[in-house]
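Observations on chain architecture
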Amino acid sequence: MTGSEQHADVVVAGGGYVGLSLAVALADAVPGIAVAVIDLRRPADAAADLRASAIAAAARRMLETLGVWSAIEPDAQPILDMVVTDSRLDDVTRPVFLTFDGRTEDGEPFAHMVPNGRLVGALLDRAAALGVRIVAPDRVTDFSVGDDDVRVTLASGGTLRGRLLVAADGVRSRLRAFAGIRTASWSYGQSGIVTTIAHERPHDGRAEEHFLPAGPFATLPLTGNRSSLVWTERTEVADRLVRGDDMVFEVELIRRLGHHLGEVRVDGPRVAYPLGLTLARDFVKPRFALVGDAAHGIHPIAGQGLNLGFRDVAALAEVLADALRIGGDPGAIDVLEGYERWRRFDTWQMAAVTDVLNRLFSNDLAPVRIVRDVGLGLVDRLPVLKRYFIGEAAGGGGAQPKLLTGAAI
Ligand SMILES: Cc1cc2nc3c(=O)[nH]c(=O)nc-3n(C[C@H](O)[C@H](O)[C@H](O)COP(=O)(O)OP(=O)(O)OC[C@H]3O[C@@H](n4cnc5c(N)ncnc54)[C@H](O)[C@@H]3O)c2cc1C
């Protein structure tokens, strides 16, 4: 785009899962709308991401409505049940404190494990089919907001003029800083090691979360005899494990995993992500909105970060489509404040829940251990509470945007 100026109604900075799904949702709902997505990564590199994510039932319904799910489904593994344990690393047994049948009241799986590369690939294909302009690899370096439009400057030298700029540029969002939006943020001093394992015995669709003193160790089922690991450790330990010897990594892995899956081997790169909490104090400014991790980065203890981002997408797309259909301005602050009001409480609630869970479980203090295990045991014995937690994990609760219920906007 060197030196040229182009126009779009909505400019999305960041073509990760959240930015791409917003572009698809808008292009699908509003005929003739011009949407441009700018991303640092080449599309082929984005689609080669080897990690996987748990996609809640509500987010799956949105992907179905947007015409994306059918391309993902062959590689999606439903989570059929879940066990939660709480023990020390070298305890001889891992007493099970909580079990969940992984289905909601409607009988659908509360979540599917989906390879990230497949998800991004399917979103890119759908975006292309709907005429979304993908500008990549390129980078937003600055923007300025006028009365009627926003002018976005790219590293390539080009500019884009739009009526609204949406920042979907991740947890360390540069655009959030350019907009002068402050955050509440802290580090947990932990990192999440992510990798894939192949194992001899089937997982039977079971997800496991072992609360260990350094943090949760989760195995999440993928298609075939494979599982995705999200393994939390103190950051210095995680870095040593990821960079160190393969054999040491596998020995430490088996200490946490046990032998119930038979012979196990690491089947992909191992990467450690520093974990923290980041909450934007505002989600919108005139002609500017934050979505996904740019608005909120949370601990992966409940596998809900991306799902929160999908809920942002469903709410923002609905608010913008409603405004555009009656000739409104998608960058007007009163339109954008409708989105902020819709998303603020849910976001702060999820951030608080994940923060408390992580503090409660990532330690080995005897009194805290007793209280949390009584709590887990109680949930296990009360079907009403169990149904509530499964419903929440499936993305239910609160006033749902249409896309999350499977309705078009
Ligand atoms: C260990 C771990 C495990 C997790 N597991 C789960 C899970 O199971 N389920 C779940 O729901 N969530 C999970 N999450 C959270 C999830 O990964 C994030 O919430 C999700 O990636 C956020 O998506 P996003 O599109 O907002 O941001 P990102 O995925 O960070 O994408 C941001 C995009 O913006 C681009 N970009 C950055 N700066 C610029 C710029 N200046 N100009 C243009 N483009 C730019 C980047 O190239 C990137 O493509 C996990 C997180 C961690 C750390």
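Notes on the structure follow.

So, about the overall build of the protein chain. Each helix and strand counted, the protein chain has 13 helices and 22 strands in total. When the 409 residues of the protein chain are sorted by exposure, 48% land in the buried category.

The next thing to look at is unusual backbone geometry. In the segment running from Ala136 into Pro137, the intervening peptide bond is cis, with an omega of 0 degrees. Along the polypeptide, Pro137 turns up in the loop between strand 9 (133-135) and strand 10 (140-145). Non-glycine residue Asp204 carries a positive phi angle of around 55 degrees. Note that Asp204 resides in the loop between strand 14 (183-199) and strand 15 (206-212). Residue Arg287 is not a glycine yet carries a positive backbone phi of 60 degrees. With respect to the secondary-structure elements, Arg287 resides in the loop between strand 20 (284-285) and strand 21 (288-290). On the neighbour-count criterion, Arg287 (26 C-beta atoms within 10 Å) is buried.

Not every one of the 32 residues close to the ligand is listed here, only the nearest: Gly14, Gly16, Gly170, Gly292 and Gly305. At the level of secondary structure, the elements contributing two or more residues to the shell around the ligand comprise helix 1 (17-29), strand 4 (52-56), strand 14 and helix 9 (305-325). Counted by class, the shell around the ligand contains 13 nonpolar, 13 polar and 6 charged residues. Counting residues domain by domain, the shell around the ligand receives three or more from each of domain 1 (5-74 + 113-184 + 276-361 + 401-405) and domain 2 (77-112 + 188-275).

With that settled, the discussion passes to helix 9. Helical geometry: 3.6 residues make up each α-helical turn, so side chains three or four residues apart lie on a common side. Under the 1.5 Å per step criterion, the end-to-end length of helix 9 is 31 Å for 21 residues, consistent within 8% with the ideal 30 Å. Two residues or fewer after helix 9 comes Gly327, characterised by a positive phi angle close to 80 degrees.

Taking 1.5 Å of rise per residue, 29 residues should cover 42 Å, and helix 10 (residues 333-361) covers 41 Å from first to last C-alpha, within 8% of that figure. The sharpest bend along helix 10 comes to roughly 35 degrees, located at Arg343. Every buried residue belonging to helix 10 is among Val335, Leu336, Tyr339, Glu340, Trp342, Arg343, Thr347, Ala351, Thr354, Asn358 and Phe361, and all of these are buried.

Moving on, we get to the environment of Ile181. Mapped onto the elements of the fold, Ile181 is located in the loop between helix 6 (174-178) and strand 14. Residues Ile181 and Asp282, spaced 101 residues apart in sequence, show a C-alpha to C-alpha distance of 6.3 Å.

One open sheet holds the 6 strands; their spatial order is 9-3-2-13-21-20, and the pairing between them is mixed. Edge positions in the open sheet fall to strand 9 and strand 20, since each of these has one partner strand only.

The element strand 17 (residues 226-234) is largely enclosed, with a buried count of 7 among its 9 residues. Connecting the antiparallel pair strand 16 (residues 215-222) and strand 17 is a turn made up of 3 residues, with Gly224 showing a positive phi of about 75 degrees.

Now for the environment of Ser185. Within the secondary structure, Ser185 is located in strand 14. The exposed category is assigned to Ser185, around which 12 C-beta atoms lie within 10 Å. Between the C-alpha atoms of Ser185 and Leu277, which are 92 residues apart in sequence, the distance is 5.3 Å.

Here we take up the packing of helix 1 against helix 5 (residues 116-129). Axes are the key here: two packed helices are described by the angle between their axes and the distance separating the axes. Running from N to C, helix 1 and helix 5 cross one another at 30 degrees; their axes reach a closest spacing of 9 Å. Accordingly, the angle class assigned to the pair helix 1 and helix 5 is roughly parallel. As for the relative orientation of helix 1 and helix 5, their crossing is left-handed in sense. For the pair formed by helix 1 and helix 5, the contact residues are Tyr17, Leu20, Ser21, Ala23 and Val24 on the first element and Leu119, Val120, Leu123, Leu124, Arg126 and Ala127 on the second.

The next point concerns the sheet that holds strand 11 (residues 150-154). On the basis of which strands lie adjacent, the open sheet formed by 4 strands has the order 1-12-11-10 and mixed pairing. Each of the sheet's edge strands pairs with one partner strand only, and the pair in question is strand 1 (5-7) and strand 10. Averaged over neighbouring strand pairs, the angle between their axes works out to 20 degrees when direction is ignored. In this sheet, strand 12 (residues 159-162) lies alongside strand 1 in parallel orientation, the contact comprising 3 bridges. Looking at the pairing, His7 lines up with Arg161 of strand 12.

Grouped together as the largest cluster of nonpolar side chains are 116 residues, with contacts concentrated most on Leu22 and Leu26. Among the elements that make up this core, the one with the highest residue count is helix 9 (11 residues). Each of domain 1 (5-74 + 113-184 + 276-361 + 401-405) and domain 2 (77-112 + 188-275) contributes no fewer than three residues to this core.

Bridge count for strand 14 against strand 19 (residues 271-280) is 10 bridges, and the pairing is antiparallel. The partner of Ser185 across the bridge, within strand 19, is Thr278. Sheet analysis places strand 19 next to strand 22 (residues 296-297), joined by 2 bridges and oriented antiparallel. Bridge pairing in strand 22 links Leu279 to His296.

The interhelical angle for the contact between helix 9 and helix 10, taken along N-to-C directions, is 165 degrees, at an axis separation of 9 Å. One element, helix 9, and the other, helix 10, form an angle in the roughly antiparallel class. Viewed along their axes, helix 9 and helix 10 form a crossing whose handedness is right-handed. Residues Leu308, Arg311, Asp312, Ala315, Leu316, Val319 and Ala323 of helix 9 form the contact with helix 10, whose participating residues are Val335, Gly338, Tyr339, Trp342, Arg343, Asp346, Thr347 and Met350. Split by residue class, the contact of helix 9 with helix 10 holds 9 nonpolar, 2 polar and 4 charged.

Criteria and thresholds
- Residues numbered from 1 in each chain as written.
- Predicted model: local features only at pLDDT ≥ 70, side-chain atom pairs only at ≥ 80, totals over all residues.
- Helix = DSSP H or I, 4+ residues; strand = E, 2+ residues; numbered from the N terminus.
- Buried ≥ 20, exposed ≤ 12 C-beta atoms within 10 Å, placed from the backbone.
- Near = placed C-beta within 6 Å.
- Nonpolar A, V, L, I, M, F, W, Y, C, P; charged D, E, K, R; others polar.
- Domains from an automatic or database assignment.
- Expected span 1.5 Å × (residues − 1).
- Bend = angle between axes of the 7 residues up to and from the residue.
- Pairing = 2+ DSSP bridges.
- Axes fitted to C-alpha atoms, helices over the stretch in contact; angles between N-to-C directions.
- Parallel < 35°, antiparallel > 145°, perpendicular 65-115°, else oblique.
- Left-handed = near helix turned anticlockwise from the far one by under 90°.
- Contact = placed C-beta atoms within 7 Å.
- Core = buried A, V, L, I, M, F, W, Y, C linked by C-beta atoms within 7 Å.

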